[in-house]
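Summary of the model geometry
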Amino acid sequence: MNLNFKHEWVETNIGLMVVLTMLAISIGGLVEIAPLFFIDNTIEKVDGVRPYTPLEQRGRDIYQREGCYLCHSQMIRPFRDEKLRYGHYSLAAESQYDHPFQWGSKRTGPDLARVGGKYSNEWHVQHLTAPRSMVPESVMPNYPWLSKTPLDISDITDRMKALREVGVPYSLTDAEYKANVAKFGETVAKQLHIPNAQQSIVEQANFGNYDGDRSGISEMDALVAYLQVLGTMVDFNKYKDDTFVNDR
Amino acid sequence: MSEQKLQSQTVQTTGHAWDGDLQEYNNPLPVWWVYTFYITVLFAIVYWVIYPSWPFGKTWIGGVSNVTYVNSDGQTKTHAWNTRALLMADLNKADAAQKPYFDKVAAMSYAQIAKDPEMSGFILSAGKALFADNCAPCHQAGGQGKLGFFPNLTDDDWLYGGTFDKIHQTITGGRHGYMPTFSEVLSGDQIDQLANYVASLSGIGHDAAKAAAGNTLFHSETAACYYCHGVDAKGRKEIGSANLTDDIWLWANVPGAATAEGKVAAIHNVIASGLNKGVMPAWGGRLSPEQIKVLTVYVHELGGGQ
């Protein structure tokens, strides 16, 4: 220690105190977070994970707007009981395009990380509209307006541009589009191309008819499309049961 | 005052004065606090040695603690402590307890399982848990189904067949119900005639003249109902078309209608609008073959197995 150091300097110099205080309190966060950016296995190398299509992304926006995350987590932990109920534990790679991620820790309702494909669209529509008609003991609120409210797709390109700014590979230029074709295949790359966004929403909603009503695209279409893709991107049957042990 | 005086004699001040005369004592930290602090430092060092801790280049120091597990290839592996390896070890332990039963399930035929009292106890408990996790949201906790949405699994009326093989096929591959929309092909009167005919098949109050006309229409090329529902209107299990003669309803809300007219109207609605629902997801990729086998027997034993 420098013998000339006087505590008085810090106490009498508020600017210095602010800087030193911030340094002291950021150490805890830095040592936990910073190494993750440099460690190779933080995001597991796994096939199939892609950004959400514009329709799914709008569904995700509605998921957040309605506060679904307040009761539902999207993080299956590596415990036997969770594996039996929900399926394979969640990988970091599976939420790499989520901004913000929806891991959560509050489970008033079940975890939704792998709810995709588990129930039919019809079940989701009925369950979101009137949960107790499907699950009598449920405490989930009714969301009857979802199928009545037309989906607002006017600002989808802005939304995708914002996500692109934080690193989601939605493409704006030809070069980016070609990179996506190489990475995700042409069908997916077309859906991730920002100039195609509105058309992509219409096509996916018409093809999937998620809310069972062909007269228009509702918020229900988007939300169910999002729920049905959750946890389905990685085909775990392609990997051995201990493949991802080595990543941690 | 006297205490303050005493302290001022034994404890030094920090040495600086504020606003002329404000001074600060420089008391030592309490002994218990200092030792607790040393213990936490020691704890941290022990923790670093045992568990994964410090990042090291592109990887990290794994610690001396290990987890040993057996993977699906039967290889025994030892890995530095982590929760994913712990899960593997935990699953190994559970497998060891359940394996004899699941091996038996895999080895036995459906007929053998159904006859074996020891197995039926296992099926009842394991099947119940599987059913509650995966099937109950649609088919409800007791398998009674939901009118208008999901079929009752406890009766002996099966859209796709109630044998072990058929139930197995349904669970593994999923199902998708479909009936064309007839409102564009047939007139309202024609649909009314058909509705009366279908009602007559189940002994529901109907207009006899309309039902007779509906009978002709049902078996004609105009409506061609018999293509899917069969000449005897008992349905064809290979395509999942409903048996219309048994007064068991899934899509038409006949039980919910109080009057005979209401019941006919409910049938009318389904014929007019058709169906593109009754989707059951495929469980083949989600559940293991043994789990599906357990569920098949469980559903079969809910009451209606054939």
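These figures come from a predicted structure and were not determined experimentally.

**Quick notes on the overall build of chain B**
- For chain B, the helix and strand inventory stands at 12 helices and 6 strands.
- C-alpha extents for chain B along the principal axes are approximately 115 × 60 × 40 Å.
- By residue count, 27% of the 306 residues in chain B fall in the buried class.

**Considering the overall build of chain A**
- Scanning chain A from N- to C-terminus turns up 11 helices and 0 strands.
- Along chain A, helices and strands appear, N-terminal first, in the series α-α-α-α-α-α-α-α-α-α-α.
- For chain A, the spread of C-alpha atoms along the three principal axes comes to 80 × 50 × 40 Å.
- By residue count, 32% of the 248 residues in chain A fall in the buried class.
- Of the contacts made within chain A by residues no fewer than 6 positions apart, 70% connect residues no fewer than 24 positions apart.

**Things to note about the confidence of the model for chain B**
- Of the residues in chain B, 97% reach a pLDDT of 70 or more, and the chain-wide mean stands at 90.
- Here the predicted complex carries an ipTM of 0.86, next to a pTM of 0.88.

**Structural notes on the pairing of strand E3 (residues 66-70) of chain B**
Residues and elements named next belong to chain B.
- Two elements, E3 and strand E4 (residues 76-80), share 5 bridges in a ladder whose sense is antiparallel. The partner of Val-67 across the bridge, within E4, is His-79.
- In sequence, E3 turns back onto E4 through a hairpin of 5 residues, with Gly-74 there showing a positive phi of about 85 degrees.

**Quick notes on the interface of chain B and chain A**
- The interface is formed by 28 residues belonging to chain B together with 29 residues belonging to chain A.
- The dominant element in the side of chain B that touches chain A, judged by the number of residues it contributes, is helix H3 (residues 83-107) of chain B, at 8 residues.
- Here the side of chain B that touches chain A is built from residues that sort into 13 nonpolar, 8 polar and 7 charged.

**Describing the environment of Ser-154 of chain A**
Residues and elements named next belong to chain A.
- Tracing the chain through its elements places Ser-154 in the loop between helix H6 (131-134) and helix H7 (156-165).
- The exposure class assigned to Ser-154 is exposed, which follows from the 8 C-beta atoms found within 10 Å.
- Expressed as a C-alpha distance, the spacing of Ser-154 and Gln-198, which sit 44 residues apart in the sequence, is 7.8 Å.

**Quick notes on the packing of H7 of chain A against helix H10 (residues 197-208) of chain A**
Residue and element names in this part refer to chain A.
- Here H7 crosses H10 at 110 degrees, and the two axes come no closer than 9 Å. On the basis of the axis angle, H7 is roughly perpendicular to H10. Contacts from Ile-156, Thr-157 and Met-160 of H7 reach H10 at Ala-197, Gln-198 and Ile-201.
- Along the lines of polarity and charge, the residues of the contact of H7 with H10 split into 4 nonpolar, 2 polar and no charged.

**Remarks on the domain arrangement of chain B**
- Each assigned domain of chain B is listed with its residue range as follows: domain 1 (2-60), domain 2 (66-99), domain 3 (108-176 + 280-300) and domain 4 (188-276).
- If you average the C-alpha positions of domain 2 of chain B and of domain 3 of chain B, the two centres end up 29 Å apart.

**With respect to the nonpolar core**
- Core analysis: the largest hydrophobic core is formed by 34 residues, its most contacted members being Ile-201, Met-220, Leu-223, Val-224 and Tyr-226 of chain A.
- For this core, the secondary-structure elements that each account for two or more residues are helix H3 (54-65), helix H5 (121-129), H7, H10 and helix H11 (219-229) of chain A.
- Looking at this core element by element, the count peaks at 7 residues for H11 of chain A.
- Within the second largest apolar cluster, 27 residues are counted, among which are Leu-250, Ala-252, Val-270 and Ile-271 of chain B.

**Quick look at H11 of chain A**
Residue and element names in this part refer to chain A.
- Most of H11 is tucked away, with 10 of its 11 residues classed as buried.
- For H11, the set of buried residues is Glu-219, Met-220, Asp-221, Ala-222, Leu-223, Val-224, Ala-225, Tyr-226, Leu-227 and Gln-228.
- Looking at the packing, one finds that the buried side of H11 touches H3, H5 and H10.
- Of the residues trailing H11, Gly-231 is marked for its positive phi of about 75 degrees.

**Quick look at the packing of H3 of chain A against H11 of chain A**
Residues and elements named next belong to chain A.
- Two elements in contact, H3 and H11, have axes whose closest approach is 7 Å; the angle formed by their N-to-C orientations is 100 degrees. Classed by the angle they form, the pair H3 and H11 counts as roughly perpendicular. Contacts from Leu-55, Glu-56, Arg-58, Gly-59, Arg-60, Ile-62 and Tyr-63 in H3 reach Glu-219, Ala-222, Leu-223, Ala-225, Tyr-226 and Val-229 in H11.
- Residue classes in the contact of H3 with H11 are distributed as 8 nonpolar, 1 polar and 4 charged.

**Notes on helix H5 (residues 117-134) of chain B**
Residue and element names in this part refer to chain B.
- In a regular helix each residue adds 1.5 Å, so 18 residues correspond to 26 Å; H5 covers 25 Å between its end C-alpha atoms and thus fits that length.
- Buried within H5 are the following residues: Ile-123, Ala-126, Gly-127, Leu-130, Phe-131 and Asn-134.
- If you follow the buried residues of H5, they end up packed against helix H4 (110-115), helix H6 (136-139) and helix H12 (289-300).

Scoring rules and cut-offs
- Residues numbered from 1 in each chain as written.
- Chains lettered and ligands numbered in written order.
- Predicted model: local features only at pLDDT ≥ 70, side-chain atom pairs only at ≥ 80, totals over all residues.
- Helix = DSSP H or I, 4+ residues; strand = E, 2+ residues; numbered from the N terminus.
- Buried ≥ 20, exposed ≤ 12 C-beta atoms within 10 Å, placed from the backbone.
- Contact = placed C-beta atoms within 7 Å.
- pLDDT = per-residue confidence, 0-100.
- Pairing = 2+ DSSP bridges.
- Nonpolar A, V, L, I, M, F, W, Y, C, P; charged D, E, K, R; others polar.
- Axes fitted to C-alpha atoms, helices over the stretch in contact; angles between N-to-C directions.
- Parallel < 35°, antiparallel > 145°, perpendicular 65-115°, else oblique.
- Domains from an automatic or database assignment.
- Core = buried A, V, L, I, M, F, W, Y, C linked by C-beta atoms within 7 Å.
- Expected span 1.5 Å × (residues − 1).

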